[in-house]
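# Structure assessment
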Amino acid sequence: MLKKQVAVIALFTVSIALILTLIYEFEWFAIHPNVMMGVRWIVASVLTLNAIVRKNLTTWILTCLILGVFVGLDFPNFARALQPLSQAFIKLVKTIVGPILFATLVFGIAGHSDLKSVGRMAWKSMLYFVSATTCAIFIGLIVINITQAGVGVDVENMPHEELPKTAALNMADSTAMSHISNNVHGVYKFNAFIRDTFPENIVKAVYDNQVLQIVVFGVIFGIALALVEEKKRKPLVNFTESLSEAMFKFTNLVMLFAPVGVGAAMAYTVGHLGVDILKNLFMLLGSLYLALLLFLGGVLLPIALFLKIPVKRFMNAVKEPVSIAFATTSSDAALPKAMNAMEKFGVPRKIVSFVIPTGYSFNLDGTSLYLSLASIFVAQAAGIPLTIGQQLLIAFTLMITSKGVAAVPRASLIVLIATADQFGLPTFVIAAILGIDELMDMARTSVNVIGNCLATVVVAKWEGEFDEEAPFREDVADEVL
């Protein structure tokens, strides 16, 4: 009863605050800034009380996310000083990624010794990944051509930041390419990408957080272990099972720090950028968010409905990892929770442990959409007209280059810069929009996580191994609702 009463009070308070915010922003009536500050902290107090009463981690994460916005608005200098807390949370999560991927992959493959199912799972996953990211790229192209967000943009008055250094090729590769014909440079780059998916040292791969290399090593090791006789295979299988269970418990402990990490990340973002930045590039932000919503509603939702996935319960299951991804702009930060949530949702661990990690390199729907949209925006802002054929060529290039994007903040900028250089587009425009990249990264990273979570259910349904009753079990419903 107390929970309902507090929820009603919170809803009423937030509604009043939203109305006052609209009045203040559109200047319908004069409201003193100190009054708005007081309103924000009244809302903060009510939301905190709601979180205390509910005693739910997801509620705490969402509450701290909102509190972070308030801290960033009212105490920007203090908010900037909170960045180390968000970095500490991401560092903690990164310690989980390597061990949990290796353990779950090896146990999923060797624990069942069904190598044919691994092969089926691989080609089905890749087929779905390519189809989904292709749709995302073309939706980005369509939306930016309709909105024409880059046309007439005053680039000089946009916030400028230093561009990150591109490192698409190392020195040895650049030297090697200088000795071969230009018409096979694309072949060399593709082969270099294939080469870099294989780890030279698994410890180094874990240290560098090379998700795809860890997945490749885990798959090969799991297959090799499956070929070993039962007597010698069992100890290692038991070890990987114990390690995966321990890492999931480790994740639960780390996630207790999530509200602090998420709140600090959001506070830093708002304190660092301010809210006026949204007004400067409203068309670009609006185009991206519109395109992402179209992708969610026009691609992912029909897939879920076609496969008869309980959409509301799926949304409840993924809201915690998505909120973490939104605030931290890192898919890696959401990985352990996403894997755990999908397993509880009814997807077998062997599918979850294969599809989600692989999807982090091959199924970044939000990032792929952003890259296509942003590349055409750069051309529009620079006044460079592109034909349909040229745009399709850019889209085809992004289909390949976006597959190697790391699931870390701003990694997509490296691909965007490399693509701009390849097609003769000016990178100074990218430097201009870099100021709001964090705000765009929040949305595209969230879509990445949603897309990968849905992919696990799609593959599980395709394999006939999805537990149809799991989403409706009371213990699962209590955790996700």
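In case you missed it, the structure is sitting above this.
An account of the accompanying structure is given in this report. Here the structure is a predicted model, which is why all the values come from computation and not from measurement. (Residues numbered from 1 in each chain as written. Predicted model: local features only at pLDDT ≥ 70, side-chain atom pairs only at ≥ 80, totals over all residues. Heavy atoms only, no water.)

### Brief notes about the packing of helix α3 (residues 57–74) against helix α15 (residues 311–328)
Close contact between α3 and α15 brings their axes to 10 Å; oriented N to C, the two are set at 25 degrees. Looking at the two axes, α3 sits roughly parallel to α15. Pair α3 / α15 crosses with left-handed handedness. Residues L57, T58, I61, L62 and L65 of α3 lie in contact with α15, whose contacting residues are K319, E320, S323, I324, F326 and A327. Across the contact of α3 with α15, the residue classes break down as 7 nonpolar, 2 polar and 2 charged. (Axes fitted to C-alpha atoms, helices over the stretch in contact; angles between N-to-C directions. Helix = DSSP H or I, 4+ residues; strand = E, 2+ residues; numbered from the N terminus. Parallel < 35°, antiparallel > 145°, perpendicular 65-115°, else oblique. Left-handed = near helix turned anticlockwise from the far one by under 90°. Contact = heavy atoms within 4.5 Å. Nonpolar A, V, L, I, M, F, W, Y, C, P; charged D, E, K, R; others polar.)

### Regarding helix α11 (residues 230–254)
Given a rise of 1.5 Å per residue, 25 residues ought to cover 36 Å, and the 35 Å separating the end C-alpha atoms of α11 matches this to within 8%. Taken together, the buried positions of α11 are occupied by R233, V237, T240, S244, M247, F248, T251 and V254. (Expected span 1.5 Å × (residues − 1). Buried < 20%, exposed > 50% of the residue type's maximum accessible area, 1.4 Å probe, protein only.)

### Considerations on a nonpolar patch on the surface
Nonpolar side chains collect at one region of the surface, where L22, F26, W28 and F29 lie side by side and expose about 520 Å² of accessible area between them. In this structure, W28 sits in the loop between α1 (2–25) and α2 (33–54). Assessed through its relative accessible area of 54%, W28 is described here as exposed. (Patch = residues over 30% accessible without salt bridge, like charges linked within 9 Å, V, L, I, M, F, W, Y side chains within 5 Å. Areas by Shrake-Rupley, 256 points an atom, 1.4 Å probe, with all protein chains shown as cover. Salt bridge = Lys/Arg side-chain N within 4 Å of Asp/Glu carboxyl O.)

### Let's talk about α3
For α3, spanning 18 residues, the distance from its first C-alpha to its last is 25 Å, which sits close to the expected 26 Å at 1.5 Å a residue. Within the span of α3, buried status applies to T58, T59, I61, T63, C64, L65, L67, G68, F70, V71, G72 and D74.

### Thoughts on the packing of aromatic side chains
Any two aromatic rings considered together are summarised by their centre-to-centre distance and by the angle between their planes. Counted by the stated rule, this structure contains 10 aromatic pairs. Between the aromatic rings of F345 and F466, the centroid separation amounts to 5.9 Å while the plane-to-plane angle is 45 degrees, which identifies the pairing as tilted. In this pair, F345 is assigned in helix α16 (residues 331–345) and F466 in the loop between α22 (437–463) and α23 (474–480), connecting sequence segments 121 residues apart. Owing to a relative accessible area of 1%, F345 belongs among the buried residues under this scheme. Taking NZ or CZ as reference, R444 lies 3.9 Å from the ring centre of Y370, over its face. (Phe/Tyr/Trp six-rings, centres within 6.5 Å; stacked < 30°, edge-to-face > 60°. Lys NZ or Arg CZ within 6 Å of the ring centre and 35° of its normal.)

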